[in-house]
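A closer look at the structure
Single-letter residue listing:
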Amino acid sequence: EQREQMKLRLEEDQTQRCEQVEEQIQEKIERFKESESTHRTRYNEIKTRLANVVTRLETAGYDVTELKNDLVVLEEKIALLEEKYAAFVTQLEETTNFECGNSQGEFLAALEESKAALEEVKNAALDVKNYYVQTVKPDIIALRELIRQTSKEDSRMLKPSNAPGSLSE
């Protein structure tokens, strides 16, 4: 009988641990969905600002070929980041499909896959940031310098590269 009680207690403990893990995963899913919205808004603002700079400068007669190319690549990198993010959230949600404690390791395997997907998201986000900081920003600075050299008045067309919301903050 004592053995039976111990077995019941172990089962209850396992059930309780499973419920805690499932709750934590659900909280993580919600947090990641909320942060995705924030990041998406921020990246869209960056794309819009860059597109506006390109339009203003092109209208003013400046060669913005590099910035146009930068914008295309930046949009591609952001789209890839969004793909990776969606895949990560999907994989994290899939972990809830397994019955904790009775899935013969499938739950842990799914959890590990979601961790790998999170690493891909982090790498893609870093790629976006690095591209902006190492390519877009220097191209804007170079164009600003060209404008300053040609006309002091036109230099007001470009905002400082440390504008609020830039990736380098």
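Summarised in this report is the structure supplied together with it. Residue numbers restart at each chain and count upward from 1, following the sequence in its written direction. Side-chain atom pairs in this predicted model are given and counted only at pLDDT of 80 or more, local residue features only at pLDDT of at least 70, and totals for whole chains, interfaces and linings cover all residues. For side-chain calculations, the full set of non-hydrogen atoms in the structure is used, while hydrogens and water are omitted.

Moving on, we come to the packing of helix α2 (residues 65–94) against helix α3 (residues 106–150). Two numbers describe how α2 lies on α3: the axes approach to 9 Å, and their chain directions differ by 165°. Compared by their axis directions, α2 and α3 come out roughly antiparallel. The two elements α2 and α3 cross, and the hand of that crossing is left-handed. The nonpolar class holds Ala, Val, Leu, Ile, Met, Phe, Trp, Tyr, Cys and Pro. Asp, Glu, Lys and Arg form the charged class, and all remaining residues, Gly among them, are polar. The residue makeup of the contact of α2 with α3, split by class, is 18 nonpolar, 4 polar and 8 charged. Every axis in this analysis is a line fitted to C-alpha atoms, fitted for helices over the stretch in contact. Angles between the N-to-C directions lie between 0 and 180 degrees. In DSSP terms, a helix is any run of H or I states spanning at least four residues, a strand is any run of E spanning at least two, and both are numbered starting from the N terminus. The cut-offs work like this: below 35 degrees is roughly parallel, past 145 is roughly antiparallel, 65 to 115 is roughly perpendicular, and the gaps in between are oblique. Should the near helix be turned anticlockwise from the far one by less than a right angle, the crossing is left-handed, and should it be turned clockwise, the crossing is right-handed.

The salt bridge criterion pairs a side-chain nitrogen of Lys or Arg with a carboxyl oxygen of Asp or Glu, the two atoms within 4 Å. Enumeration over the complete set of coordinates arrives at 9 salt bridges. With a closest N to O distance of 2.8 Å, D127 and K77 form a salt bridge. Placement of D127 in helix α3 and of K77 in helix α2 is noted, with a sequence separation of 50 residues between them. We call a residue buried when its accessible area falls under 20% of the maximum for its residue type, exposed when it is over 50%, and partly exposed in between, using a 1.4 Å probe and counting protein chains only. D127 gets classed as partly exposed once you look at its relative accessible area, which sits at 32%. Close ionic contact of K122 with E119 constitutes a salt bridge, the shortest N to O distance being 3.8 Å. With K122 and E119 both in helix α3 and 3 residues apart, the pair spans about one turn of that helix.

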